[in-house]
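Now for the letters of each chain:
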Amino acid sequence: MMSLTPDQFRKVGLGVTPSPSPFYTPRPERRRADSRVFELNSNRPDKDREVNVQVLLRCRPLNDDEQRLNVPKVITCNEHKREVAVLQSLTNKQVDRVFTFDKVFGPKAQQRSIYDQAIAPIVNEVLEGFNCTVFAYGQTGTGKTYTMEGGMRNKGGELPAEAGVIPRAVRQIFDTLEAQNADYSVKVTFLELYNEEITDLLALEDYSRTLEDRQRKPISLMEDGKGCVIVRGLEEEAVYSANEIYNLLERGAAKRRTADTLLNKRSSRSHSVFTITIHVKEATVGDEELIKCGKLNLVDLAGSENISRSGARDGRAREAGEINKSLLTLGRVINTLVEHSAHIPYRDSKLTRLLRDSLGGKTKTCIIATISPTAICLDETLSTLDYAHRAKNIKNKPEANQKMSKAVLLKDLYLEIERMKQGLTNHLHFVIIV
């Protein structure tokens, strides 16, 4: 999906080089692997194999108010056949439209069942060295944030039944790495995209500066010339346990912009991207240690919104307009990819730039489309189903990240630090001149 460049200097201070070693969980020395097994520049036979984006459909249950008012339902889900049927009235006739997806989860589906069936295999791919993306897409109030986050943890630290994709993925990652007795490092970033501006949700507040200055921290999108988008200026936190990530998630989620609308009591007014990067020492070839890297991008999109029915006014209406605009751009990108157009409008919004490698790139991608079963939301539901059904036809070419020696990894880290130092020097020189 994207490369994330950490803001190293917050933790280590200007002019001080941080320890570049990516490993924080030293393990006893293990048997050396046969050097013939590993190749730093192996040509994988499946390198050019195309894989369709996986699309899941989840229909939320009626809420308490809808049950009390006996709101009519127009959606039926057949999980066995992986079908969603929409009941429509056309010229006084009842007509069913049927959509088929990779997996379908009806209103009674539990968080754990969805995760185990659809997401756990993706997390395993990350641990095998792939970049993977999971994102939720749908109308406001259909359960995207609940699906992605849900309940983070109980007081005892255990996952509650309502825990969503993110906390379950975190637990699976650490459980697997510990079970493998692996030497590894885990780092995370958490960003928010609000009104086309990127905010770092993990950045610590510097109260010595004015509010306006604190909000000016430069976070920019750049391209690396290889089709990947780099987010510069984003904090990257090293973590050592699932509970540390839960703390960061709770800290970042508390900063996300939300609002109470007629369609959703806690409507997300921004898109968020939580990224977990894992380095694992896999084996030793001669005197060289080989490092495997995988990345998991977990994206919670703000919901599309019918402004007249959500009750949004003034600033909230402008927010909804920006949300709808970015989602329409996402829809255009999906359409052009499916139609194999020569030009894909990734650059028309920051959201589609962030998702560039996840849609038509080298990342394994899973979309969770969420819908409402009610008749009043029929238009938005059909729009979501149409987009999700088209997205099934997007083809990515996933490639495992090239294993690299520890020496190469450390060299890259040192070079990145030097580039950041030079960039800071140039910035300070510019400020002094001005």
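Scope of this entry: the structure provided in the associated data block. None of the values given here were measured: they were computed from a predicted structure. (Residues numbered from 1 in each chain as written. Predicted model: local features only at pLDDT ≥ 70, side-chain atom pairs only at ≥ 80, totals over all residues. Heavy atoms only, no water.)

**Examining unusual backbone geometry**
- Unlike most non-glycine residues, Arg82 shows phi in positive territory, near 60°.
- Within the secondary structure, Arg82 is located in the loop between strand 4 (75-78) and strand 5 (83-90). (Helix = DSSP H or I, 4+ residues; strand = E, 2+ residues; numbered from the N terminus.)

**Notes on the pairing of strand 17 (residues 288-300)**
- Across the 13 residues that make up strand 17, a large majority, 11, are buried.
- Where strand 8 (residues 131-138) lies against strand 17, six bridges are found, and the strand directions are parallel. Bridging from a neighbouring strand, Thr133 pairs with Asn297 of strand 17.
- Both strand 17 and strand 20 (residues 404-405) contribute to a ladder of two bridges, which runs antiparallel. The residue bridging Ile291 from the neighbouring strand is Met404, located in strand 20. (Buried < 20%, exposed > 50% of the residue type's maximum accessible area, 1.4 Å probe, protein only. Pairing = 2+ DSSP bridges.)

**What to know about the side chain of Ser272**
- With respect to the helices and strands, the residue Ser272 is situated in strand 16 (residues 271-285).
- Ignoring any residue separated from it by four or fewer positions in sequence, one finds Ser272 in contact with Phe190, Leu191, Glu192, Arg256, Leu298, Val299 and Asp300. (Contact = heavy atoms within 4.5 Å.)

**Concerning empty space enclosed by the protein**
- Inspection of the entire model under this criterion finds three cavities of 30 Å³ or more.
- In terms of lining residues, the largest cavity is bounded by 10 residues, among which Asn195, Glu196, His271, Glu322 and Ser326 are the most central.
- Broken down by secondary-structure element, the contributors of at least two residues to the lining of the largest cavity are strand 9 (183-194) and helix 9 (314-338).
- Per-element accounting of the lining of the largest cavity gives the leading share, three residues, to helix 9.
- Per-class residue counts for the lining of the largest cavity are three nonpolar, four polar and three charged. (1 Å grid on protein atoms, 1.4 Å probe; cavity = no way out; pocket = protein on both sides within 12 Å on 5 of 7 lines; lining within 4 Å. Points joined across faces, edges and corners; volume = space filled by probe spheres on them. Nonpolar A, V, L, I, M, F, W, Y, C, P; charged D, E, K, R; others polar.)

**A short note on the packing of aromatic side chains**
- For the structure on display, the rule yields three aromatic pairs.
- Ring plane angle 85° and centroid distance 6.1 Å describe the contact between Tyr137 and Tyr387, whose orientation is recorded as edge-to-face. Of the two residues, Tyr137 is situated in strand 8 and Tyr387 in helix 11 (residues 378-391); the sequence distance between them amounts to 250 residues.
- Under the relative-accessibility criterion, Tyr137 is labelled buried at 9%.
- Where Phe190 meets Phe274, the ring centres are 5.2 Å apart and the plane angle is 85°; that geometry is what we call edge-to-face. Of this pair, Phe190 sits in strand 9 while Phe274 sits in strand 16, and the two are 84 residues apart along the sequence. Residues Phe190 and Phe274 agree in their burial class; the two are buried.
- Sitting over the ring of Phe130, Lys364 keeps its end group 4.2 Å from the ring centre. (Phe/Tyr/Trp six-rings, centres within 6.5 Å; stacked < 30°, edge-to-face > 60°. Lys NZ or Arg CZ within 6 Å of the ring centre and 35° of its normal.)

**Re the pattern of salt bridges**
- In this structure the tally under the stated criterion is eight salt bridges.
- The closest approach of N and O atoms between Arg60 and Glu66, which form a salt bridge, is 2.8 Å. As far as burial versus exposure is concerned, Arg60 and Glu66 are alike and both buried.
- With its nearest N and O atoms 3.7 Å apart, the salt bridge here joins Arg332 to Asp348. Of this pair, Arg332 sits in helix 9 while Asp348 sits in the loop between helix 9 and helix 10 (350-354), and the two are 16 residues apart along the sequence.
- A residue is classified by how much of its surface remains accessible, and Arg332, at 40% relative accessible area, is partly exposed. (Salt bridge = Lys/Arg side-chain N within 4 Å of Asp/Glu carboxyl O.)

**Describing the packing of helix 3 (residues 111-127) against helix 5 (residues 165-179)**
- Look at helix 3 against helix 5: their axes get within 10 Å of each other, and the N-to-C directions meet at 50°. In terms of their interaxial angle, helix 3 and helix 5 are classed as oblique. The chirality of how helix 3 crosses helix 5 is right-handed. Each of Gln111, Arg112, Tyr115, Ile119, Ala120, Val123, Asn124 and Leu127 in helix 3 lies in contact with helix 5, whose residues at this interface are Val165, Arg168, Ala169, Gln172, Ile173, Thr176 and Leu177.
- A class-by-class count of the residues in the contact of helix 3 with helix 5 yields nine nonpolar, four polar and two charged. (Axes fitted to C-alpha atoms, helices over the stretch in contact; angles between N-to-C directions. Parallel < 35°, antiparallel > 145°, perpendicular 65-115°, else oblique. Left-handed = near helix turned anticlockwise from the far one by under 90°.)

**Overview of the packing of helix 5 against helix 7 (residues 242-255)**
- At a minimum axis separation of 9 Å, helix 5 and helix 7 run at an interaxial angle of 155°. Classed by the angle they form, the pair helix 5 and helix 7 counts as roughly antiparallel. For the crossing formed where helix 5 meets helix 7, the hand is right-handed. Across from Ile166, Pro167, Val170, Arg171 and Phe174 in helix 5, the residues of helix 7 making contact are Ala242, Ile245, Tyr246 and Leu249.
- Per-class residue counts for the contact of helix 5 with helix 7 are eight nonpolar, no polar and one charged.

All quantities given are derived from atomic positions and should not be read as evidence of function.
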